[in-house]
Amino acid sequence: MSDPGVAVRAEGLGLRRRRGWALRDCSFELPAGSVTALVGANGAGKSTLLKIAAGLLRPSEGAVATRGSVGFVAQDKPLYRGFTVAEMLRFGRVTNAEDWDDTYARQLVGEAALPLSAKVNRLSGGERARLALVLALARRPDVLLLDEPLSEMDPVAREDVLRTLMVAVAETGVTVVLSTHVVSDLDGVCDHLLLLDRGVVQLAGEVEELLDNHRVVLAGRGDLGDHQVILGRGGEHRGTTLVRVTGELDVPEELVSAPGLEELVIAYLRANRGVAA
Ligand SMILES: Nc1ncnc2c1ncn2[C@@H]1O[C@H](COP(=O)(O)OP(=O)(O)OP(=O)(O)O)[C@@H](O)[C@H]1O
């Protein structure tokens, strides 16, 4: 990749499955050191995209380029279940001799309160997820791809893991892409958003810019001019409408507010389902 500021670039990326396209015409750029929330309904193509970026699946068309080394934690967190935590660390060190940061690995295991002598198959789902993340982080990758890393964790563990990731981003400039269904967790954590709908990129960019380009308008869809209505909810008089604005919005100020990240994502996901509840 020629631009040093770009860590991941996809161009026309597509993967055809037997039943159709799992990913289609997918193009985006993620800057180095960014944290991207990859969101979309079940089956939208999130895992497919991450696996292609990790080099585990070959695209049918297009390409994705990543800058530097890539770490990937799959949704099913493959670990050797008969190993202890300590043995997994040793395995990580031996198989990643050059990149392995053992001090960091032990620090992260300590922070996660994972007992070194515990067998992997005796750990809870959330603990296994944390161990998988430790092993990925300790390799000090330049790009870290995480497929639903938080899904099995309790709220405190989720917060701790996100803090660990933020520290890693600040200290090493690692670029993180993580898929999730719980967008509220990522508010204030992710600075980029990638929203997939049935294999297609529907929304991509900087979170701040995307929030800036959208408005929630109270009380119906009266006169929204040429602005793009994403989703209207709750009827003409007491409802709200999410619009993508392309300039000045000709609606009284008191009827307009800025959406939050979760509100924005949920509106798009609902609109994709054709549900205006
Ligand atoms: N091994 C496979 N063989 C055939 N089709 C597959 C395979 N894996 C995924 N698909 C299909 O590809 C599409 C995208 O799946 P993918 O797992 O990437 O979605 P996802 O967004 O990660 O979903 P989820 O949120 O449920 O994890 C789906 O239609 C799915 O049925």
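Look above for the structure.
First, a word on scope: everything that follows refers to the structure included in this document. Just so it is clear, the structure is predicted and the values come from calculations on it, not from any experiment.

1. Concerning empty space enclosed by the protein
Taken as a whole, this structure holds two cavities of 30 Å³ or more when the rule is applied. In this model, the largest cavity occupies a volume close to 80 Å³. For the largest cavity, the full set of lining residues is L108, E111, A112, R130, L133, V134, L137, V161 and T164. Counting residues per element, the lining of the largest cavity draws most heavily on helix 4 (residues 125–137), which supplies four residues. Its residues assigned to classes, the lining of the largest cavity shows six nonpolar, one polar and two charged. Of the pockets and cavities examined, the second largest cavity occupies roughly 50 Å³. Of the residues belonging to the lining of the second largest cavity, the class tally is nine nonpolar, no polar and no charged.

2. As for the layout of surface pockets
By volume, the largest pocket amounts to about 450 Å³. Surrounding the largest pocket, 23 residues form its lining, F72, V73, L135, A136 and R139 being those nearest its centre. Of all the elements in the fold, those that place two or more residues in the lining of the largest pocket are strand 5 (70–73), helix 2 (85–95) and helix 4. Counted by class, the lining of the largest pocket contains 15 nonpolar, five polar and three charged residues. Considered as a void within the structure, the second largest pocket measures approximately 180 Å³ in volume. If you go around the second largest pocket, the residues you meet are A22, N42, G43, A44, G45, K46, S47, T48, Q75, D147, E148 and H181.

3. Some thoughts on a negative patch on the surface
On the surface, D191, E206, E208, E209 and D212 cluster together into a negatively charged patch. Sort the elements by how many residues they give to the negative patch and helix 6 (residues 207–212) lands first, with three residues. Following the sequence through the fold, D212 ends up in helix 6. Among the residues examined, D212 registers a relative accessible area of 53% and is labelled exposed.

4. A short note on the pattern of salt bridges
Enumeration over the complete set of coordinates arrives at nine salt bridges. Linking E61 and R24 is a salt bridge whose minimum nitrogen-to-oxygen distance equals 3.5 Å. Here R24 lies in strand 2 (residues 20–31) and E61 lies in strand 4 (residues 61–66), a separation of 37 residues in the sequence. Two residues, R158 and D185, come together in a salt bridge whose shortest N-O distance is 2.5 Å. Here the residue R158 occupies a position in helix 5 (residues 155–172), and D185 occupies one in the loop between strand 7 (175–179) and strand 8 (192–197), the gap between them amounting to 27 residues. Overall, the relative accessible area of 18% leaves D185 in the buried class. Because the salt bridges share partners, they merge into one network encompassing R93, D102 and R106.

Scoring rules and cut-offs
- Residues numbered from 1 in each chain as written.
- Predicted model: local features only at pLDDT ≥ 70, side-chain atom pairs only at ≥ 80, totals over all residues.
- Heavy atoms only, no water.
- 1 Å grid on protein atoms, 1.4 Å probe; cavity = no way out; pocket = protein on both sides within 12 Å on 5 of 7 lines; lining within 4 Å.
- Points joined across faces, edges and corners; volume = space filled by probe spheres on them.
- Helix = DSSP H or I, 4+ residues; strand = E, 2+ residues; numbered from the N terminus.
- Nonpolar A, V, L, I, M, F, W, Y, C, P; charged D, E, K, R; others polar.
- Patch = residues over 30% accessible without salt bridge, like charges linked within 9 Å, V, L, I, M, F, W, Y side chains within 5 Å.
- Areas by Shrake-Rupley, 256 points an atom, 1.4 Å probe, with all protein chains shown as cover.
- Salt bridge = Lys/Arg side-chain N within 4 Å of Asp/Glu carboxyl O.
- Lys, Arg positive; Asp, Glu negative; His and termini not counted.
- Charge placed at Lys NZ, Arg CZ, Asp CG, Glu CD.
- Buried < 20%, exposed > 50% of the residue type's maximum accessible area, 1.4 Å probe, protein only.

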